[in-house]
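Descriptive analysis of the structure
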Amino acid sequence: MEKNTSHHAAAALTPPAPRVLMKLLPLTMTVFIAFLTLGMQLPVLPLYLHDSLGMGTLVVGLVIGSEFAAALLTRAWAGNFADMRGPKKAVVAGTVAAASSGLAYLVSLAFADAPEVAVWVLLAGRILLAFGQSLIVTGSMGWGIGLVGPQNAGKVMAWNGIAIYAAYAFGAPLGVAVSAQWGFHGIAVSAVFIPLLALGIVAGVNGVAPAAQRRTPFYKVLGAVWVPGTGLALSSVGFGLITAFIALLFAARGWGNASAAFTAFGVAFIAARLLFGHLPDRIGGAKVALVSVIIEAVGQLLIWGSDAAAGAWLGAALTGFGYSLAFPGFGVEALRRAPPQTRSLAMGAYAAFLDLALGLTSPLAGALAGAWGIGSVYLAGAVTVGLSVFVAWRLLVTEPARTAVHA
């Protein structure tokens with residue numbers, strides 16, 4: 001009876017769906033614009049490192065993965081910043097940091113004759129980008145939950161993801177076009193100015209009060225979300241392999257540029273969120289995650305076994321469709337296990353598992369590609385994503401025990 005009463009009370013406090021979407025729309029647009037610059041880099045930066053600077057697949061993997069490794073190291077700070085100073089301030093600071101990464105890219109062009117130096121400067125730019133995106137993602141999720149309530153957390157994560165992967169889908173062909181016209185210089189200039197456009201939108205959105213008055217130790221929240229976080233980490237490997245190596249796979253097999261694969265991934269990702277993004281809140285995150293990761297693993301297998309570009313496009317689409325709902329599926333389970341006063345930090349801790357997975361995936365897959373060929377990384381991706389099925393099953397049969405966290 002108590003559980004049923006609580007359910008009806010939560011439903012009574014839930015804003016109607018159109019009102020929720022209208023409240024989240026400015027944040028969704030802000031995240032989309034801020035991440036568009038990263039989408040433009042996806043099909044361009046690996047080839048620039050490999051073809052223009054002469055770097056091998058291991059270095060390519062290290063540079064691409066450095067962003068996710070740096071984001072992992074900044075999630076705790078970003079989460080506490082958003083909880084204590086307010087998520088709006090976190091998002092504003094993040095857009096400025098992301099724009100600064102473009103300045104580093106511009107500086108790297110001055111060292112075109114010294115590729116090793118150029119790579120180090122690019123690495124600095126990737127770290128700045130990671131810092132900015134850590135603030136933007138953590139702040140926007142905490143901000144959205146503050147605006148529409150924790151009972152709509154799945155919707156917040158769904159629309160946040162739609163913005164990010166729409167930026168990947170639209171940014172990839174845009175990046176190819178900009179690079180064809182102006183080279184990497186055009187990508188660098190875009191990276192400076194595009195994130196700043198987000199400031200014009202976010203400035204007019206009402207902020208929410210800070211959720212905490214004192215800093216919460218990161219490890220305490222981490223302990224509450226580590227199981228769903230592990231599921232996120234394993235399922236994120238498929239996404240990491242798309243971002244880091246699909247362009248090299250297409251180049252190696254003579255299939256032309258890979259922008260269509262990024263678009264297929266992004267469009268399928270968005271379609272899954274639009275059609276089924278309400279399901280984690282309605283039927284439970286674990287059930288949604290279980291089905292989603294199976295679809296994603298099939299997509300990775302299809303890319304591995306494809307002998308034509310069309311098969312790889314379909315594999316990328318299935319990867320995007322499955323991964324799309326894995327994130328909010330595991331994420332709803334993470335939020336159910338975390339204390340309510342640490343919502344931004346909890347989302348930061350949860351997203352840290354994504355950063356960890358992507359930070360490790362790129363260099364490890366780069367080494368695997370060097371030893372066994374570029375296609376082998378997608379077989380490894382299918383196996384790794386498949387392991388997240390066991391995590392989803394554990395969450396499905398285990399009730400969450402919310403842990404009190406004291407600073």
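Structure: see above.
Residues numbered from 1 in each chain as written. Predicted model: local features only at pLDDT ≥ 70, side-chain atom pairs only at ≥ 80, totals over all residues. Heavy atoms only, no water.

1. Here's the deal with the packing of helix α4 (residues 57–85) against helix α5 (residues 87–109)
Where α4 contacts α5, the two axes come as close as 6 Å, and the packing angle between them is 135 degrees. Classed by the angle they form, the pair α4 and α5 counts as oblique. Facing Phe81, Ala82 and Arg85 of α4, the residues of α5 in contact are Pro87, Lys89 and Ala90. Tallied by class, residues from the contact of α4 with α5 come to four nonpolar, no polar and two charged. (Axes fitted to C-alpha atoms, helices over the stretch in contact; angles between N-to-C directions. Helix = DSSP H or I, 4+ residues; strand = E, 2+ residues; numbered from the N terminus. Parallel < 35°, antiparallel > 145°, perpendicular 65-115°, else oblique. Contact = heavy atoms within 4.5 Å. Nonpolar A, V, L, I, M, F, W, Y, C, P; charged D, E, K, R; others polar.)

2. Some points on empty space enclosed by the protein
Scanning the entire structure with this criterion turns up five cavities of 30 Å³ or more. Empty space within the largest cavity amounts to approximately 270 Å³. Contributing elements (two or more residues each) for the lining of the largest cavity: α2 (17–41), α4, α6 (115–148), α7 (153–202) and α13 (343–372). Broken down by class, the residue content of the lining of the largest cavity amounts to 16 nonpolar, four polar and four charged. (1 Å grid on protein atoms, 1.4 Å probe; cavity = no way out; pocket = protein on both sides within 12 Å on 5 of 7 lines; lining within 4 Å. Points joined across faces, edges and corners; volume = space filled by probe spheres on them.)

3. Regarding the pattern of salt bridges
Summed over the entire model, instances satisfying the criterion amount to three salt bridges. With its nearest N and O atoms 3.8 Å apart, the salt bridge here joins aspartate 281 to lysine 155. With aspartate 281 in helix α10 (residues 279–283) and lysine 155 in helix α7, this residue pair connects regions lying 126 residues apart in the sequence. Owing to a relative accessible area of 28%, aspartate 281 belongs among the partly exposed residues under this scheme. A salt bridge links arginine 336 to glutamate 333; the shortest N-O distance between them is 3.1 Å. With arginine 336 and glutamate 333 both in helix α12 (residues 309–337) and three residues apart, the pair spans about one turn of that helix. Under the relative-accessibility criterion, arginine 336 is labelled partly exposed at 35%. Given a relative accessible area of 2%, glutamate 333 falls into the buried group. One connected set of salt bridges, linked through shared partners, spans Glu333, Arg336 and Arg337. (Salt bridge = Lys/Arg side-chain N within 4 Å of Asp/Glu carboxyl O. Buried < 20%, exposed > 50% of the residue type's maximum accessible area, 1.4 Å probe, protein only.)

4. Quick notes on the packing of aromatic side chains
This structure, assessed with the given rule, holds 12 aromatic pairs. The interplanar angle of 75 degrees and the centroid separation of 6.2 Å between the aromatic rings of phenylalanine 276 and phenylalanine 321 together place this pair among those described as edge-to-face. With phenylalanine 276 in helix α9 (residues 259–276) and phenylalanine 321 in helix α12, the pair connects residues that are 45 residues apart, well separated along the chain. For phenylalanine 321, a relative accessible area of 25% corresponds to the partly exposed category. Ring centres of phenylalanine 327 and tyrosine 350 lie 5.2 Å apart, and the angle between their planes is 65 degrees; this geometry places the pair in the edge-to-face category. A residue pair is termed long-range when its members are at least 10 positions apart, and phenylalanine 327 in helix α12 and tyrosine 350 in helix α13 qualify at 23 residues. In this pair, the class of phenylalanine 327 matches that of tyrosine 350, namely buried. (Phe/Tyr/Trp six-rings, centres within 6.5 Å; stacked < 30°, edge-to-face > 60°.)

5. Things to note about helix α11 (residues 285–305)
Compared with the 30 Å implied by 1.5 Å per residue over 21 residues, the 31 Å span of α11 between its first and last C-alpha is a close match. Of all the residues in α11, the buried ones are Gly285, Ala286, Val288, Ala289, Leu290, Ser292, Val293, Glu296, Ala297, Gly299, Gln300 and Ile303. (Expected span 1.5 Å × (residues − 1).)

6. Here we look at the nonpolar core
Core analysis: the largest hydrophobic core is formed by 106 residues, its most contacted members being Phe35, Ile246, Tyr323, Phe330 and Tyr378. If one sorts the elements of this core by residue count, helix α8 (residues 218–252) sits on top with 18 residues. Apart from residues lying up to four places away in sequence, tyrosine 378 is in contact with Leu241, Ile242, Phe245, Ile246, Leu249, Gln300, Ile303 and Trp304. Judged by nonpolar contacts, the second largest core, of six residues, contains Val91, Trp143, Val202 and Val205. (Core = buried A, V, L, I, M, F, W, Y, C linked by side-chain atoms within 4.5 Å.)

7. Focus on a nonpolar patch on the surface
On the surface, Leu301, Trp304, Leu379 and Val383 cluster together into a nonpolar patch covering about 350 Å² of accessible area. Listing elements by their share of the nonpolar patch, those giving two or more residues are α11 and α14 (376–397). Of note, leucine 301 is situated in helix α11. (Patch = residues over 30% accessible without salt bridge, like charges linked within 9 Å, V, L, I, M, F, W, Y side chains within 5 Å. Areas by Shrake-Rupley, 256 points an atom, 1.4 Å probe, with all protein chains shown as cover.)

8. Brief notes about α7
For α7, with 50 residues, the first-to-last C-alpha span of 20 Å runs short of the 74 Å given by 1.5 Å per residue. For α7, the principal kink sits at tryptophan 182 and spans about 125 degrees. (Bend = angle between axes of the 7 residues up to and from the residue.)

9. What to know about the side chain of serine 292
Turning to its location among the elements, serine 292 is positioned in helix α11. Accessibility expressed as a relative area gives 4% for serine 292, which makes it buried. A polar atom in the side chain of serine 292 sits 2.7 Å from the backbone oxygen of valine 288. Setting aside residues up to four positions removed in sequence, serine 292 forms contacts with Gly322, Leu325 and Ala326. (Polar contact = N/O pair within 3.5 Å; in protein donor to acceptor, adjacent residues only side chain to side chain.)

10. Regarding the environment of phenylalanine 262
Residue placement: phenylalanine 262 occurs in helix α9. The spacing of phenylalanine 262 and alanine 367 is 105 residues in sequence and 23 Å in space, taken between C-alpha atoms. Apart from the residues within four sequence positions on either side, phenylalanine 262 is in contact with Leu42, Pro43, Ala169, Ala172, Ile242, Thr243 and Ile246.

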